[in-house]
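Below, each chain spelled out in residue letters.
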Amino acid sequence: MIEAVPPPSARMSTLNWARKNFFATWYDAVFSIILAVLIIMGLNALIGWAFLDAIWSVENKDQCTYDAGACWAVIESRGRLILFGLYPYEEQWRSTIACLVVISTIALSCLPVFWSIRRIPILWIAGFTIFVLLMRGGFAGMPLVSSDQWGGLSLTIFIFAGVFVIGMPLAVLFALARRSNLPVIAKSFGFFIDIVRSLPLLTILFAAAVIVPLLLPEAIQGNKLMRVVIAFAIFFAAYQAEIIRAGLQSTPKGQEEAAVALGMPYWSLISDILLPQAFRNTLPSTINQAVITFKETSIVTIIGFFEVMASGNAAIGNGEWGNQYVEVYVFLALIYFIFVFGLSRYGAWLETRMRLGHA
Amino acid sequence: MIKKIKSLAFAAAVTLSGITGAQAEGQGLLDTIIERGSLNCTGHNGSYLGFAEVDANGAWQGFDIEFCKALATAILGTPDKANIVPISWAQRFPAIQSGDIDVIIKVTGWTMTRDTELGLQYSRPYFIGPFYVMSKTELEAKSVKDLEGGVFCVNAGTTIERVLTDYMETNGISYEPLSFEKGEELRAAFYAGRCDAIAGFGPFLSATRVNAPNPDDFEILGDVLKLEPEGIVVRQGEDDLLDVVNWMVSALLMAEENGITQANVDEMKANPPSASIGRLLGATPGVGSRLGLQDDWAYNVIKTVGNYGEIYSRTIGEGSRYKLPRGLNNLWSNGGLLYPLVLD
Amino acid sequence: MTQIFASQKLRRTAIQTGFIAAIIFVIIATVLTAQRNIADQGMATGFGFLEQTTGWPMNFSLIEVSGRSTYARVLWAGLLNTIFVGIMTLFFATLLGILLALMRISSNALMKLVGTIYVEVFRNVPVILQVFFWYALLTHLPNPKQAINIGDAVLLSNRGLMLPSFSLSGNDIWILLVTLIIGIASIWITKDKSTFTRRWGIFAGVFALVFAIVLFTGREPEVGLISFPELKGLRFVGGVTLKPEFSALLIGLVLFGASYIGEIIRGGLLSVDQGKLEAGTALGLSGFQINRFIRIPLAFRAMLPSLTNQYIWLMKGTTVGIAIGYPDYFAIISTAINQSGQTLELLALLMGGFILINYSIGFAMNRINEHIKLKGRT
């Protein structure tokens with residue numbers, strides 16, 4: 001009889017784990033050591049600058065020199081300008097609440113409960129309307145704040161949300177028009193989408209801000225912010241339309257044929273069968289597109305809007321804090337990072353979830 | 001068939017543009033501003049030191065901003081009606097052409113192309129901007145010639161690009177130009193040593209120097225590259241508005257000449273020391289209506305922003321952190337180039 | 001009557017005609033409104049200004065430009081600058097992207113970690129901010145007098161990176177460029193029987209010959225073959241200079257672009273069916289052969305469409321150059337708008353330029369796609 005031997009232990013010792021992951025071959029070992037040294041050096045410099053040698057409060061402002069660490073006092077002094085831009089000081093609580101409303105709208109629409117072709121639009125339109133009412137004011141004792149004065153993070157979020165609310169339906173329209181069986185319409189929209197996609201966003205926004213008023217009669221021009229948001233939305237829609245089109249193409253042809261055979265009307269076929277699947281299949285790309293859009297909002301600074309990037313520039317654009325630009329840029333990068341990283345993590349989570357077949 | 005549709009479309013288009021065109025022609029911009037109850041003025045995208053900056057509360061301040069407030073006060077009675085629209089350098093002309101803004105008050109040099117080809121007109125200069133070169137003290141340059149071969153940084157899209165090119169060509173100095181769209185980047189690059197010198201508008205250079213980590217590292221050279229008169233810009237054909245702008249500037253200068261300040265303007269209005277001061281402050285009726293304004297418009301302006309000297313001191317002069325000397329922007333009687341028009 | 005309307009064909013024609021009519025209507029209405037507005041403003045229109053001299057210089061250009069050049073020439077120089085930095089970006093971003101993809105699928109945990117952190121950091125911060133950062137870093141290098149000196153040949157300062165170069169005149173460079181283009185085109189187009197490698201070999205030989213002839217002929221005897229950078233007064237003379245504006249834009253775009261391209265390549269590599277790789281092993285192919293003949297060709301096909309999009313996106317990203325003083329096409333147009341005030345015309349030129357560049361990329365990538373498409377018998 002041979003004694004039964006227990007199976008080899010599934011647990012690896014720390015040493016084994018390290019060997020497998022860091023020192024599998026000689027070149028792995030070299031890479032690992034070089035990288036580890038670099039990481040430690042980088043971290044050391046970073047922590048020294050950002051925390052250990054940093055100056056935190058305005059009282060110590062005179063210690064802010066080139067040799068010292070980060071001068072976070074600038075954020076204490078100019079932080080509100082960065083976050084709120086030109087929005088009137090006393091009314092900034094409105095801007096804060098409005099921001100929170102849109103952020104929770106974004107958060108809510110990430111929950112699968114809201115993923116239906118009826119609920120999502122209602123949620124977004126509601127969130128967006130509350131935002132605009134709060135920011136604009138002019139009722140219930142809240143003074144009117146015109147859109148020229150909107151600024152900072154809430155303007156960034158407004159542009160983002162506006163682009164999404166207007167751009168999504170447009171994207172659906174573009175996608176459907178491009179795969180229409182009427183050749184003229186399909187070709188024209190295809191041409192239009194391709195043109196828009198090959199232009200830099202900046203040129204489109206610039207045109208919307210300064211050229212459109214020359215081309216359109218005054219009655220339908222709208223204000224500058226409106227024009228820029230619509231132009232941005234068209235740009236977004238051109239990209240998103242291609243994503244949706246890919247989603248539509250990925251649904252089996254048989255489903256469409258079955259619906260037609262059952263005598264389903266066109267709009268019902270689109271909104272009940274094709275679109276929900278198209279959206280579901282392309283959610284990761286849509287999230288990716290949202291991430292790109294959020295980052296691209298920083299471009300409106302070039303045409304004179306005080307979104308968070310421009311406000312940051314204005315914060316360092318006066319005599320007092322002119323030399324603390326690195327700190328302000330780092331602060332801005334962190335703001336973007338929080339939003340964008342959150343969105344992209346969510347996208348990654350969705351991807352795994354769908355790969356597992358939950359969706 | 002297609003032909004028919006085309007001609008139909010054409011007819012409809014003509015009607016459409018006809019209607020909108022008629023709307024625009026009806027009244028002058030001054031009346032539109034009064035009717036609208038707000039004046040759309042230029043701000044900046046970011047800040048232009050001393051002339052248009054944003055304070056920690058998000059409120060605009062600076063020399064140009066004060067003039068905007070003065071104009072709003074003259075037309076609408078209160079500075080709160082000035083709506084400052086953030087706008088980049090490149091956008092100012094398209095924006096005024098399209099009617100997004102009513103006036104450009106953004107240290108805009110009076111050049112022939114702008115005056116004739118863009119459909120714009122200039123007010124009398126409200127500021128005289130000399131162009132200088134600022135370099136690093138360690139280079140020990142005495143004049144621009146000593147900077148032969150150096151890197152000169154300038155603001156892109158402004159008149160200085162051409163002025164510098166001209167000056168260097170005339171004097172046979174070779175150099176390497178580098179232009180930046182935004183003042184912030186320009187300053188940062190200069191402080192860091194990317195450029196040997198910045199060429200620019202005097203006040204901008206002083207402000208840049210004051211802001212430097214160590215102001216003594218930099219010095220402004222004596223050579224004046226060129227003198228640029230800065231005017232307030234309105235669209236061609238808006239003569240009523242241009243009149244108001246010209247007389248607003250003049251009123252500020254006249255107030256300074258006659259010692260009328262924000263503090264004593266009430267007293268001066270009650271007992272005008274001369275007939276012309278009485279006319280200026282609206283004690284004599286009929287002065288404002290010539291411009292289509294209230295009689296006490298100039299009184300309101302001085303009460304709100306003070307006279308020219310007070311504005312200067314508060315924003316870029318002695319009373320500010322930039323401490324810019326008056327220089328050419330003083331009254332003629334004090335050795336400057338500015339003078340009021342005759343108020344009769 | 002009702003029968004006519006019920007006719008599918010007629011209805012379709014009617015809708016499409018209506019659509020075209022609507023578009024024509026909108027275009028005509030817009031043109032008319034624009035004409036009226038422009039006339040009202042008393043603005044000068046037309047492209048006549050292109051013949052005028054600009055009166056302002058450019059910091060960096062591939063062709064000779066001065067204050068006396070015409071607008072047309074300066075705009076052309078700007079377009080070339082954009083194409084130049086764009087192509088360099090695509091090239092280096094792709095290389096770095098490949099490296100990142102390999103890091104992220106490697107078995108070394110530390111490499112994986114660094115790859116992941118890299119991608120997350122560089123993807124999630126706006127590119128304009130990154131470019132600002134690199135520019136600030138490069139301009140804080142020592143000044144020319146204290147330049148970091150490597151063997152008197154390579155100098156690094158806040159004026160840029162100075163490298164030694166062959167002494168070639170402008171004409172020489174054009175000759176070489178033309179040779180290069182003709183050579184590559186002939187390799188691409190000819191369906192010669194000889195092998196690909198052999199054709200490349202012949203081309204490289206011819207190119208080297210032309211290069212040598214150009215380098216050794218028609219020069220003053222005292223001028224050396226290679227010119228080294230040296231500081232004379234305030235400026236560097238000799239050699240070639242990589243200016244900080246160009247470098248910062250390039251570094252920023254490459255690092256940003258690589259994080260996206262790396263992800264696309266990783267996705268492409270992972271999309272290759274594991275079974276095919278195992279089949280390769282079963283056939284006795286080596287690891288290199290599996291990569292060369294199975295994995296890379298299949299992955300390349302899978303990622304080409306997204307890669308095309310990313311290339312176009314990066315090409316458009318060059319417009320952030322304006323923020324740090326790199327005279328790209330957009331920056332030049334923006335300055336020209338400011339100086340000449342011809343907003344409509346210049347914006348049209350701007351859009352035209354980008355459509356041209358991006359359609360060319362799309363066209364080239366589609367050609368490659370056609371070329372490598374799996375030619376199945378269907």
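Keep in mind the model is a prediction, meaning the values are calculated, not measured. (Residues numbered from 1 in each chain as written. Chains lettered and ligands numbered in written order. Predicted model: local features only at pLDDT ≥ 70, side-chain atom pairs only at ≥ 80, totals over all residues.)

Glancing now at the overall build of chain B. For chain B, the helix and strand inventory stands at 13 helices and twelve strands. On C-alpha atoms alone, chain B measures out to a radius of gyration of 23 Å, which is about the 20 Å that the 2.2 N^0.38 rule sets for 344 residues. In terms of overall dimensions, chain B has C-alpha extents of about 75 × 65 × 40 Å along its principal axes. Taken over 344 residues, chain B has a buried fraction of 56%. (Helix = DSSP H or I, 4+ residues; strand = E, 2+ residues; numbered from the N terminus. Rg over C-alpha atoms; globule rule 2.2 N^0.38 Å. Buried ≥ 20, exposed ≤ 12 C-beta atoms within 10 Å, placed from the backbone.)

Our next topic: the overall build of chain A. The helix and strand inventory of chain A stands at 14 helices and zero strands. Projecting the C-alpha coordinates of chain A onto the three principal axes gives extents of approximately 85 × 65 × 40 Å. Residues counted as buried form 39% of the 359 residues belonging to chain A. For chain A, contacts bridging at least 24 residues in sequence account for 66% of all contacts bridging at least 6. (Contact = placed C-beta atoms within 7 Å.)

A word on the nonpolar core. Among the nonpolar cores identified, the biggest contains 270 residues, and Leu-205 of chain A, Leu-71, Cys-153 and Met-248 of chain B together with Val-131 of chain C are the most heavily contacted of them. Core analysis: the next-biggest nonpolar cluster, separate from the first, contains five residues, Ala-147, Leu-155, Leu-161 and Phe-236 of chain C among them. (Core = buried A, V, L, I, M, F, W, Y, C linked by C-beta atoms within 7 Å.)

Before going further, it helps to spend a moment on the interface of chain B and chain C. Residue-level contacts link 49 residues of chain B with 41 residues of chain C. When contributions to the side of chain B that touches chain C are tallied by element, the ones reaching two or more residues are helix H1 (2-25), helix H4 (92-97), helix H5 (112-117), helix H6 (159-170), strand E9 (176-180) and helix H7 (183-192) of chain B. Take the side of chain B that touches chain C: its biggest share by element is twelve residues, from H1 of chain B. Here the side of chain B that touches chain C is composed, by residue class, of 22 nonpolar, 13 polar and 14 charged. (Nonpolar A, V, L, I, M, F, W, Y, C, P; charged D, E, K, R; others polar.)

This paragraph deals with the domain arrangement of chain B. All names here are of chain B. Segmentation of chain B into domains returns domain 1 (29-127 + 229-329) and domain 2 (138-227). Between the C-alpha centres of domain 1 and domain 2 there is a distance of 29 Å. With 14 residues of domain 1 at the interface, the matching set in domain 2 holds 14 residues. In terms of residue class, the side of domain 1 that touches domain 2 is built from eight nonpolar, four polar and two charged. (Domains from an automatic or database assignment.)

Residue and element names in this part refer to chain A. Axis separation between helix H4 (residues 92-109) and helix H5 (residues 119-136) bottoms out at 8 Å; the angle between their running directions is 175°. Taken together, the axis directions place H4 and H5 in an arrangement best described as roughly antiparallel. Side by side, H4 and H5 meet where Arg-94, Ser-95, Ile-97, Ala-98, Val-101, Val-102, Thr-105, Leu-108 and Ser-109 of the first sit next to Ile-120, Leu-123, Trp-124, Gly-127, Ile-130, Phe-131, Leu-134 and Met-135 of the second. Broken down by class, the residue content of the contact of H4 with H5 amounts to twelve nonpolar, four polar and one charged. (Axes fitted to C-alpha atoms, helices over the stretch in contact; angles between N-to-C directions. Parallel < 35°, antiparallel > 145°, perpendicular 65-115°, else oblique.)

On the chain B side, the residues contacting the 36 residues of chain A number 32 residues. Elements represented by at least two residues in the side of chain A that touches chain B include exactly helix H3 (73-84), helix H8 (201-215) and helix H13 (308-316) of chain A. Residue composition of the side of chain A that touches chain B, by class: 20 nonpolar, eleven polar and five charged.

Turning to the sheet that holds strand E2 (residues 154-157) of chain C, a few remarks are in order. All names here are of chain C. On the basis of which strands lie adjacent, the open sheet formed by four strands has the order E1-E2-E3-E8 and antiparallel pairing. The open sheet has two edge strands, strand E1 (148-150) and strand E8 (240-242), and neither has a second partner. Across the sheet, the mean angle separating the axes of adjacent strands is 15° when strand polarity is ignored. Here three bridges tie E2 to strand E3 (residues 160-163), and the two strands are oriented antiparallel to one another. In the strand pairing of E3, Ser-157 is matched with Gly-160. (Pairing = 2+ DSSP bridges.)

Right, let's talk about unusual backbone geometry for a bit. Note: most peptide bonds trans; most residues except glycine with negative phi. Residues and elements named next belong to chain B. Phi at Glu-140 is positive, roughly 55°, even though this residue is not glycine. Topologically, Glu-140 is positioned in the loop between strand E7 (127-136) and strand E8 (151-155). A residue is classified by how many C-beta atoms lie within 10 Å of it, and Glu-140, with 9 of them, is exposed. One non-glycine residue, Lys-323, adopts positive backbone phi at about 50°. Secondary-structure assignment places Lys-323 in the segment after helix H13 (308-315).

What follows concerns the environment of Pro-273 of chain B. Tracing the chain through its elements places Pro-273 of chain B in the loop between helix H10 (265-270) and helix H11 (275-281). On the basis of neighbour count, Pro-273 of chain B is assigned to the exposed category, with 12 C-beta atoms found within 10 Å.

Residues and elements named next belong to chain A. Packing of H3 against H13 leaves a shortest axis separation of 7 Å and a crossing angle of 150°. Comparing their axes, H13 and H3 come out roughly antiparallel. Where H3 crosses over H13, the handedness of that crossing is right-handed. Contact residues: H3 offers Arg-78, Leu-81 and Ile-82, while H13 offers Val-308, Ser-311, Gly-312, Ala-314 and Ala-315. When the residues that make up the contact of H3 with H13 are grouped by side-chain class, the tally is five nonpolar, two polar and one charged. (Left-handed = near helix turned anticlockwise from the far one by under 90°.)

Residue and element names in this part refer to chain B. Within E7, seven of the ten residues are buried, which leaves the element mostly enclosed by the surrounding structure. The pairing of E7 with strand E12 (residues 226-235) spans five bridges and is antiparallel. The partner of Ile-128 across the bridge, within E12, is Pro-229. Of the pairings in the sheet, the one linking E7 to strand E10 (residues 197-201) comprises five bridges and is antiparallel in character. Looking at E10, one finds that Ser-135 is bridged to Ala-197.

Attention now goes to the confidence of the model for chain B. Residue and element names in this part refer to chain B. When pLDDT is averaged along chain B, the result is 85; 92% of the residues meet or exceed 70. Confidence, read as mean pLDDT per element, is least for H1 in chain B (46) and greatest for helix H3 (residues 63-76) (94). Considering only residues more than four positions removed or in separate chains, one finds that residues 1-6, a stretch of pLDDT under 50, has two contacts. Scored below 50 in pLDDT, residues 8-25 shows 26 contacts in the model against residues more than four places distant or in partner chains. In the model output, the complex is listed with pTM 0.79 alongside ipTM 0.75. (pLDDT = per-residue confidence, 0-100.)

It is worth spelling out the pairing of E2 of chain C at this point. Residue and element names in this part refer to chain C. Only one face of E2 is buried: it carries Leu-155 and Ser-157, and the other face, with Val-154 and Leu-156, is open. The antiparallel hairpin formed by E1 and E2 contains three residues in its connecting segment, where Gly-151 sits at a positive phi of about 60°. What sits between the antiparallel neighbours E2 and E3 is a turn of two residues.

Attention now goes to helix H8 (residues 244-271) of chain C. Because each turn of an α-helix spans 3.6 residues, side chains separated by three or four positions end up pointing in the same direction. Residues and elements named next belong to chain C. Given a rise of 1.5 Å per residue, 28 residues ought to cover 40 Å, and the 39 Å separating the end C-alpha atoms of H8 matches this to within 8%. The largest bend in H8 amounts to roughly 25° and is located at Ala-258. The element H8 is extensively covered by neighbouring structure, given that 24 of its 28 residues are classed as buried. (Expected span 1.5 Å × (residues − 1). Bend = angle between axes of the 7 residues up to and from the residue.)

With that out of the way, let us pick up the environment of Val-301 of chain B. Along the polypeptide, Val-301 of chain B turns up in helix H12 (residues 297-305). Filtering out sequence-adjacent residues up to four positions away, Val-301 of chain B remains in contact with Ala-70, Thr-73, Ala-74, Met-248 and Ala-251 of chain B.

This paragraph deals with the environment of Gln-274 of chain C. Positionally, Gln-274 of chain C belongs in helix H9 (residues 274-282). Separated by 220 residues in sequence, Gln-274 of chain C and Thr-54 of chain C place their C-alpha atoms 61 Å apart.

Take helix H10 (residues 287-317) of chain C next. Under the 1.5 Å per step criterion, the end-to-end length of H10 of chain C is only 38 Å for 31 residues, more than 12% shorter than the ideal 45 Å. Of all the positions in H10 of chain C, only Ala-299, Met-303, Leu-307, Gln-310, Tyr-311, Ile-312, Leu-314, Met-315, Lys-316 and Gly-317 of chain C are classed as buried. On its buried side, H10 of chain C packs onto helix H7 (183-198) of chain A together with helix H3 (71-104), helix H5 (127-139), H8 and helix H12 (343-372) of chain C.

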